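These are the residues of each chain, in order.
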Amino acid sequence: MADDFIFDFLHMEIVNFVQRTTSPDDKDKVISKLEQMGYRVGQSLIEKFTRESPRFSSELDIIKFVCKDLWNGVYKKQVDNLRTNHQGVYVLQDNKFRLLTQMSSGKQYMEAAPQYLAFPCGLIRGGLANLGVNCVVTAEVSTMPACKFQVMIQRT
Amino acid sequence: MSRQSSRATDPRKISQELFTLTYGALVAQLVKDYEGDEEVNKQLDKMGYNIGIRLVEDFLARSGIGRCNDFRETADIIAKSGFRMFLGVTPSVSNWSPAGDEFSLLMDNNPLTDFVELPEDHSNLNYSNVLCGVIRGALESVQMDVSVRFVQDTLKGDNQTEIRVKFIQRLEDALPAGEE
Amino acid sequence: MAVCVAVIAKENYPLYIRTIPTENELKFHYTVHTCLDVIEEKVSSVGKSSNDLRELYLGLLYPTEDYKVYGYVTNTKVKFVIVVESSNTQMRDNEIRNMFKTLHNAYVDMLCNPFYTPGENVKSKAFDNTVNQMMIQD
């Protein structure tokens, strides 16, 4: 019951904290700090979540795991839609992204959205990196609280 | 093959772990960013305070608890409802001062420290200091000025974790609580 | 019980190695190193054949005259290797499996320590204790 919103409270305060302790001209630093924290949490969470899973057979298999199991664990729902161009770009759409639902849907809040999405982006990137999938994750909001996460696989 | 069925999931446990891990990432970041454990403790306390003043409304609404009559009742509610609701554990209330203005919350198990091993060079870090802030913030919102501090911590080899809460004064005017 | 327990990073360098007796460490480093190819081969077959190995436990990697070497790979490509003496005939497959399971759980908890940086050598006391339990001679 209570414990799924206690994370929301903590996350909100972390966002506020990083904002008020970082110089206002340094928006990128705010984002990167939040992203890094998410990354570290993603690394640990995926290690836990895949403890009993059968071995993955493909990259798509891994992405599906993120959309279902990881999302379910963290946000208590699955990703609503997954699309891919089959060339290493995946788009995960969540029509009601939990960390945005606490915010009002007014336009002025759109500006704050990137700060609230940095941690979740890092979480995905950290989880995937630990599974051997190196990628860049960005998020985009068109109408609150719907959100699209774009995962671009980095092949080297 | 369905992956969904491959893992027994306890949603409550996962939420708890997500919270624990996120808090851990925060503390590790603060330890990197700030010089000295005292400063980290202070920041954690401040963040807890801010969480506490927001949390208390939610808590009162969910639990349906009204105004407390005395400090003993407050102590009981913090332990039996507050901690249980938010951390899933119920600390025991003990070590009351003779004047009845000071008590300890004792925990055998603190979920915040589930996976934590403190680095040796951070012996002054009060890892779970956010809890002190949360209690302080929450009580201030119901017009109670208190001081809260860690006395014992299992992370540092103590047998139990002890948080000491001291009543200072009742705040008469309900000033709107502000962020620190 | 085990005479060597090793944890190898996904990039194939050792994160942790513990041996009994400790003088044998160099020898086991070599043993562990040689088995990485066998592990790689077993894991890379996943998805390529119909009877692929989707279990994390890989079983016996190879027996030598003196030792039996067992392997396990997590989904995050971290490898665990357990070496037991060949003379120890009482060890059943199930026991080895359970040892890996315990080792895996201890590894996950260790990784969740916020002060641990993934990829660094494992120095956790809790992890050490778990491994010690596996190495007690009976």
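Just so you know, these numbers come straight off a predicted model, no measurement behind them.

Visitor: How should the nonpolar core be read in this particular structure?
Guide: The nonpolar side chains of a soluble globular protein tend to be buried with one another. Leu-92, Leu-100 and Phe-149 of chain A together with Ile-163 of chain B are the most contacted members of the largest nonpolar core, which has 105 residues in total. Phe-149 of chain A has contacts with Trp-71, Tyr-90, Val-91, Leu-92, Phe-97, Leu-117, Pro-120, Cys-121, Ile-124, Val-137, Thr-138 and Ala-139 of chain A, leaving out every residue within four places of it along the chain. Among the nonpolar cores identified, the runner-up in size contains 29 residues, and Tyr-57, Leu-111, Phe-127 and Val-131 of chain C belong to it.

Visitor: Honestly, the pattern of salt bridges in this entry has me stumped. Any pointers?
Guide: Two side chains with opposite charge may pair up if their charged atoms get near one another. Within the structure shown, the criterion is met by 21 salt bridges over all chains. Residue Asp-101 of chain B pairs with Lys-166 of chain B through a salt bridge whose shortest N-O separation is 3.6 Å. Of this pair, Asp-101 of chain B sits in the loop between β1 (92-94) and β2 (102-107) while Lys-166 of chain B sits in strand β4 (residues 161-170); the two residues are 65 residues apart in sequence, bridging distant segments of the chain. On the accessibility criterion, Asp-101 of chain B (22% relative accessible area) is partly exposed. Here Lys-166 of chain B falls in the partly exposed class, since its relative accessible area comes to 32%. Between Glu-55 of chain C and Arg-97 of chain C there is a salt bridge whose closest N-O contact spans 2.3 Å. Of this pair, Glu-55 of chain C sits in the loop between α1 (25-44) and β3 (57-63) while Arg-97 of chain C sits in helix α2 (residues 93-111); the two residues are 42 residues apart in sequence, bridging distant segments of the chain.

Visitor: For this particular structure, what's the right way to read the interface of chain B and chain A?
Guide: Think of interface size as the accessible area that goes away when the parts come together; that is how it is often given. Taken together, the contact between chain B and chain A spans 34 residues of the former and 39 residues of the latter. Taken together, the links from chain B to chain A amount to three salt bridges. With its nearest N and O atoms 3.4 Å apart, the salt bridge here joins Glu-17 of chain B to Lys-48 of chain A. Between the two partners, chain B and chain A, sit five residue pairs in polar contact (both at pLDDT 80 or more). Class assignment for the residues of the side of chain B that touches chain A results in 17 nonpolar, seven polar and ten charged.

Visitor: Explanation requested: the environment of Ile-153 of chain A in the structure shown.
Guide: Residue and element names in this part refer to chain A. The residue Ile-153 is located in strand β4 (residues 147-153) in this model. For Ile-153 and Val-89, which are 64 residues apart along the polypeptide, the C-alpha to C-alpha distance reads 6.3 Å. Among residues more than four places away in sequence, those in contact with Ile-153 are Glu-59, Gly-88, Tyr-90, Val-133, Asn-134 and Cys-135.

Visitor: Would you take a moment to explain the sheet that holds strand β2 (residues 14-19) of chain C for this structure?
Guide: Backbone-to-backbone hydrogen bonds join strands into a sheet, with any given pair of strands oriented parallel or antiparallel. Residues and elements named next belong to chain C. Spatial ordering of the open sheet is given by β2-β1-β5-β4-β3, a layout of five strands whose pairing is antiparallel. Of all the strands in the sheet, the pair left with one neighbour each is β2 and β3. Across the sheet, the mean angle from the axis of one strand to that of its neighbour is 15 degrees, orientation sign disregarded. Sheet topology places strand β1 (residues 2-8) next to strand β5 (residues 79-85); six bridges connect them, and they run antiparallel. When the sheet's bridge partners are listed, Ile-8 is paired in β5 with Lys-79. Strand contacts of α1: β1, β2, β3, β4 (67-73) and β5, with the helix running at about 125 degrees to β3, the strand carrying the most contacts. Lying over the sheet, α2 contacts β1, β2, β3, β4 and β5, oriented at roughly 140 degrees with respect to β5.

The rules we used
Residues numbered from 1 in each chain as written. Chains lettered and ligands numbered in written order. Predicted model: local features only at pLDDT ≥ 70, side-chain atom pairs only at ≥ 80, totals over all residues. Heavy atoms only, no water. Core = buried A, V, L, I, M, F, W, Y, C linked by side-chain atoms within 4.5 Å. Buried < 20%, exposed > 50% of the residue type's maximum accessible area, 1.4 Å probe, protein only. Contact = heavy atoms within 4.5 Å. Salt bridge = Lys/Arg side-chain N within 4 Å of Asp/Glu carboxyl O. Helix = DSSP H or I, 4+ residues; strand = E, 2+ residues; numbered from the N terminus. Polar contact = N/O pair within 3.5 Å; in protein donor to acceptor, adjacent residues only side chain to side chain. Nonpolar A, V, L, I, M, F, W, Y, C, P; charged D, E, K, R; others polar. Pairing = 2+ DSSP bridges. Axes fitted to C-alpha atoms, helices over the stretch in contact; angles between N-to-C directions.

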